[in-house]
Amino acid sequence: MTEQELLRRESLQKLRELGIDPYPPEMFEVSAFAADIIANYQEEVLEDGTKNRLNYHSVALAGRLMASREAGKALFMNLQDSTGRIQLYLRRDDLMQGEDGTFFDVVIKKLLDLGDYIGIKGFAFRTKTGEVSVHVQEFKLLSKSLRPLPIVKRDAEGNIFDAFTDPEQRYRMRYVDLTVNPDVRQIFIKRSKLVRTMRNFLDELGLLEVETPILQAIHGGAAARPFKTHHNTLDMPLFLRIANELYLKRLIVGGFDGVYEFGKMFRNEGMDRTHNPEFTALEFYVAYKDYNWMMDVTEQMLERVARALDENGGTTVQAGENVIEFAGPYTRLTMFDAIKQYTGLDVEASDESTLRTYCRENHIEIDASMGKAKLIDEIFGEKVEEFLIQPTFLIDYPVEMSPLTKKHRSKPGLVERFELFINGKEVANAYTELNDPIDQRERFEEQLALAARGDEEAMAMDDDFLRSLEYAMPPTAGIGFGIDRLTMLFTGQTSIQEVLFFPQMRPEK
RNA sequence: GAUCUCGUAGCUCAGCCGGUAGAGCACUUGACUUUUAAUCAAGGGGUCAUGGGUUCGAAUCCCAUCGAGAUCACCA
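The notes below deal with the structure included here. Every value quoted in this text rests on a predicted model; they were computed, and no experiment measured them. (Residues numbered from 1 in each chain as written. Chains lettered and ligands numbered in written order. Predicted model: local features only at pLDDT ≥ 70, side-chain atom pairs only at ≥ 80, totals over all residues. Heavy atoms only, no water.)

## Brief notes about the overall build of chain A
- Helices and strands together make up the secondary structure of chain A, namely 14 helices and 22 strands.
- For 509 residues, the compact-globule estimate of 2.2 N^0.38 gives 23 Å, and the C-alpha radius of gyration of chain A, at 30 Å, exceeds that figure by more than 25%.
- Across its three principal directions, the C-alpha atoms of chain A cover 95 × 60 × 50 Å.
- By residue count, 46% of the 509 residues in chain A fall in the buried class.
- Of the contacts made within chain A by residues no fewer than 6 positions apart, 64% connect residues no fewer than 24 positions apart.
- Total accessible area computed for chain A in this model is approximately 26,000 Å², and 49% of it derives from carbon and sulfur atoms.
- Across chain A, the centroid of the 62 positively charged side chains sits 4 Å from that of the 84 negatively charged ones. (Helix = DSSP H or I, 4+ residues; strand = E, 2+ residues; numbered from the N terminus. Rg over C-alpha atoms; globule rule 2.2 N^0.38 Å. Buried < 20%, exposed > 50% of the residue type's maximum accessible area, 1.4 Å probe, protein only. Contact = heavy atoms within 4.5 Å. Areas by Shrake-Rupley, 256 points an atom, 1.4 Å probe, with all protein chains shown as cover. Lys, Arg positive; Asp, Glu negative; His and termini not counted. Charge placed at Lys NZ, Arg CZ, Asp CG, Glu CD.)

## A short note on the packing of aromatic side chains
- Evaluation of the coordinates by the stated rule reveals 14 aromatic pairs.
- Taking the centre distance of 3.9 Å and the plane angle of 15 degrees together, the rings of Phe188 and Phe501 count as stacked. Of the two residues, Phe188 is situated in helix α6 (residues 182-204) and Phe501 in the segment after α14 (483-491); the sequence distance between them amounts to 313 residues.
- Phe501 sits in the partly exposed class, given a relative accessible area of 40%. (Phe/Tyr/Trp six-rings, centres within 6.5 Å; stacked < 30°, edge-to-face > 60°.)

## With respect to the packing of helix α9 (residues 335-343) against helix α11 (residues 372-383)
- Viewed as axis vectors pointing N to C, α9 and α11 meet at an angle of 50 degrees, and their least axial separation amounts to 10 Å. Between α9 and α11, the interaxial angle falls into the category oblique. Judged by the sense of rotation from one axis to the other, the crossing of α9 with α11 is left-handed. Residue-level inspection shows Met335, Phe336, Ile339, Tyr342 and Thr343 of α9 in contact with α11, the latter providing Ile376, Asp377, Ile379, Phe380 and Lys383.
- Within the contact of α9 with α11, the residues separate by chemical class into 7 nonpolar, 1 polar and 2 charged. (Axes fitted to C-alpha atoms, helices over the stretch in contact; angles between N-to-C directions. Parallel < 35°, antiparallel > 145°, perpendicular 65-115°, else oblique. Left-handed = near helix turned anticlockwise from the far one by under 90°. Nonpolar A, V, L, I, M, F, W, Y, C, P; charged D, E, K, R; others polar.)

## Looking at the sheet that holds strand β5 (residues 84-91)
- Read around the barrel, 5 strands follow the order β3-β4-β5-β7-β6 and close on themselves; strand pairing throughout is mixed. Strand after strand, the sheet turns through a mean of 50 degrees between neighbouring axes, direction not considered.
- Where strand β6 (residues 117-126) meets strand β7 (residues 132-143), 10 bridges bridge the pair, whose relative direction is antiparallel. Counted as the bridge partner of Phe123 is His135 from β7. (Pairing = 2+ DSSP bridges.)

## Section: unusual backbone geometry
- Look at the link from Gly328 to Pro329: it is a cis peptide, with omega at -5 degrees.
- Along the chain, the position of Pro329 falls in the loop between β17 (322-325) and β18 (331-334).
- A positive phi angle, near 55 degrees, is found at Tyr56, a position not held by glycine.
- Note on placement: Tyr56 falls in the loop between β2 (51-53) and β3 (59-71).
- The phi dihedral of Asp396 falls on the positive side, at around 65 degrees, and the residue is not glycine.
- Along the chain, Asp396 turns up in strand β19 (residues 392-398).

## Looking at the pattern of salt bridges
- Evaluation of the coordinates by the stated rule reveals 36 salt bridges.
- Between Arg250 and Asp464 there is a salt bridge, with the nearest N and O atoms lying 2.7 Å from each other. One end of the pair, Arg250, is in helix α7 (residues 245-253); the other, Asp464, is in helix α13 (residues 463-470), and 214 residues separate them in sequence.
- On the accessibility criterion, Arg250 (16% relative accessible area) is buried. (Salt bridge = Lys/Arg side-chain N within 4 Å of Asp/Glu carboxyl O.)

Structural measurements only, silent on function.
So this is what it looks like as structure tokens:
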């Protein structure tokens, strides 16, 4: 244990000897918050020059002690609660117990440490330097902190000194990060607001929020390597879901007009600044709609999210050097037109060997297992994706890449699919859902053929899902959003770890 | 998985062409009844990530391991 930890444990013992419980069980009634007092405190100056306080005559606050400045027989503290920080003013005279000054001299001045949770009662006032503060009349220790917090200081201009910045420590001890870095707290508040805004929007649309299995015997609905686990009683392998799509569609088969699920997905792939092994998706499916309707709804939903998260209710977000406009309508661009626009290459008129030649000439990595559709996808990923900064619906994909999507109503070889790209990243993927069970079975069989050719991303056959389609699924539109990436976009973060409370880390030591 | 960079006090960092481990904040003691990055005075605190090697001598040079970040690959 470090010197400072030992000293705090000694203080803990001395408090107990003085009859003070460092971890009292009873509740502490809070009646005010730091930010509210600072924003709303009022006083008037009388004719004789004295000040008259107009509100917050009696307040009770609780929070962490984050700074302490002794000034003889007075003391200034900073109390941090869930809303922010406020200064406390304590005088020895106010906290005497009869003739006994031990409480102020020993308990408050010696045995209290930065990071301790305290509860105080008193009245608001403005110091002669102009800071709204609370004059403390009663003081109670609520919970003793045994480890020293990193002390981050700010000056009057807002410059930060000695910030707690080491990413490893911040992620491993997010509780410390959240305590000393108020900006981090704001990111997660925004994340919560983003989810809430989407949920409200979907509820207003009349969709039903549902939960589907995370443990699945067949990992379907997407192409990714799964986490595998084992059920002891059933003595069978189970997989953590890589997607929930096929279960949500079964619910549409079952007669719900619309369902949505916010849920964790798990993919056993590499980790980097945009990938965490578990991540959050929003998927929703609506009967009797198609992907054109879904584009309209997506525009409405994201505009609403942008307005909800912007302090001024605006629809733009700064992302690096770019200003993203979330008010619709968004550009709708077919995949073939997008490639033609950014590369001049007409993929529609090209055969597989032409595309292979193009890839080789442009240093795009390909392998023998890739068919024409996969080659087109690679060209898009290398030459187009990063330039789609403003929200753009990329529509009408080759059928081979989209085994769960209905064939295009007028364009042979394509499907009714769109992906939404913002700031060069995919944030949503949507289809007019394939509900023809015979076509779906053939698509699965094509996937099996691709798998045989060496495509590790090919999708597995799901017989029960096919059975459900044979009972008939109404025409349906569906979409999936990456909530983490959307949060990154709206909070200006470039690492997924900054929008996850507890990103995946290797074990310590 | 590959490559590069990093790991020194509770925190932020300096020291790194080898020669006894440093600063600021935090902490301890003292002064101060309106301070605010409080101030002033004195003081304590280190297995320099871990393990090897080179050397008379390693925080410093070399190797390995662990952890983190960045870039790439795979994916969303």
